[in-house]
Amino acid sequence: MPESNIIAVTFDDRSNAFQALSELKGAGMEGRVDVAAAAVVTRDADGRISMPDGVDNNGAMGTWGGSLVGLLIGVIGGPIGMLLGWTGGLLVGGAFDLRRVDRSAGALEQISSAIPIGGTALIAEVTEYAREVVDGEMAKLDGVVIRRPREEVLDEMEAAEEAYREAEKEARRHAREQRKAERKTDAAERTAALKEKLGAS
């Protein structure tokens, strides 16, 4: 039975990620896997994610707004990812082994782990008829595959977005209370200063 998955593949050699994207496109053209969207992504020293190359079969080349992959990368690399601690990539450089990533970790956390600081990964939304197709193509290029069900990723993205909105709401409430307290302090200081002046006159 076909599986709708999000895959994240990490490579020690950056050039292999671009080759992997080409191989994945080729497997898609051959009908061995359906590729809805795919992108090579990198993370710089400051945790920022960029997409130097990609394909989106749900829209024009390079158009990410309508694809789950584009939304996913936006969540991981944007303010939601920062709030939840994913923008640092969790793991640094090549000094890690994704085969040992805790499988109990959430889908978004695992996918973010595939894009460490200074690292390069392939992220794709695929329908797989046999996992061996993707695993085999990626293994040829020394890629380590993390695979999570599409629905699970969607569920976590929705939960992360909700958590972010709640955090924003709490931050605004805190800021309002702080401004209110500052105004009270300022009013008290002004009143005391005025009393002092009037008392001296």
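Whatever comes next refers back to the structure up there.
Quick caveat: nothing in here was measured; it's all calculated off a predicted structure.

Draft legend 1. Unusual backbone geometry, seen in detail. With a phi close to 60 degrees, D142 is a non-glycine residue in the positive phi region. Counting through the fold element by element, D142 comes out in the loop between α5 (131–139) and β5 (144–149). D142 gets classed as exposed once you look at its relative accessible area, which sits at 60%.

Draft legend 2. Molecular detail of α5. Among the residues making up α5, those that are buried are V133, V134, E137 and M138. End-on view of α5: buried residues confined to an arc of 115 degrees, all on one side of the axis. Buried residues along α5 sit against β1 (3–11), α1 (14–29), β2 (33–43), β4 (120–128) and β5.

Draft legend 3. Region of interest: the nonpolar core. Grouped together as the largest cluster of nonpolar side chains are 25 residues, with contacts concentrated most on V41, L72, I111, I123 and V153. Secondary-structure elements contributing two or more residues to this core are β1, β2, α2 (68–77), α4 (107–113), β4 and α6 (150–200). Counting residues per element, this core draws most heavily on α2, which supplies six residues. Non-local contacts of V153, meaning those with residues more than four positions away in its chain, are made with I6, L72, A107, L108, I111 and R148. Membership of the second largest hydrophobic core comes to 20 residues, among which are A17, L21, A38 and A124.

How each quantity is defined
- Residues numbered from 1 in each chain as written.
- Predicted model: local features only at pLDDT ≥ 70, side-chain atom pairs only at ≥ 80, totals over all residues.
- Heavy atoms only, no water.
- Helix = DSSP H or I, 4+ residues; strand = E, 2+ residues; numbered from the N terminus.
- Buried < 20%, exposed > 50% of the residue type's maximum accessible area, 1.4 Å probe, protein only.
- Arc of directions from axis to C-beta.
- Contact = heavy atoms within 4.5 Å.
- Core = buried A, V, L, I, M, F, W, Y, C linked by side-chain atoms within 4.5 Å.

These values are about where atoms sit, not about what they do.
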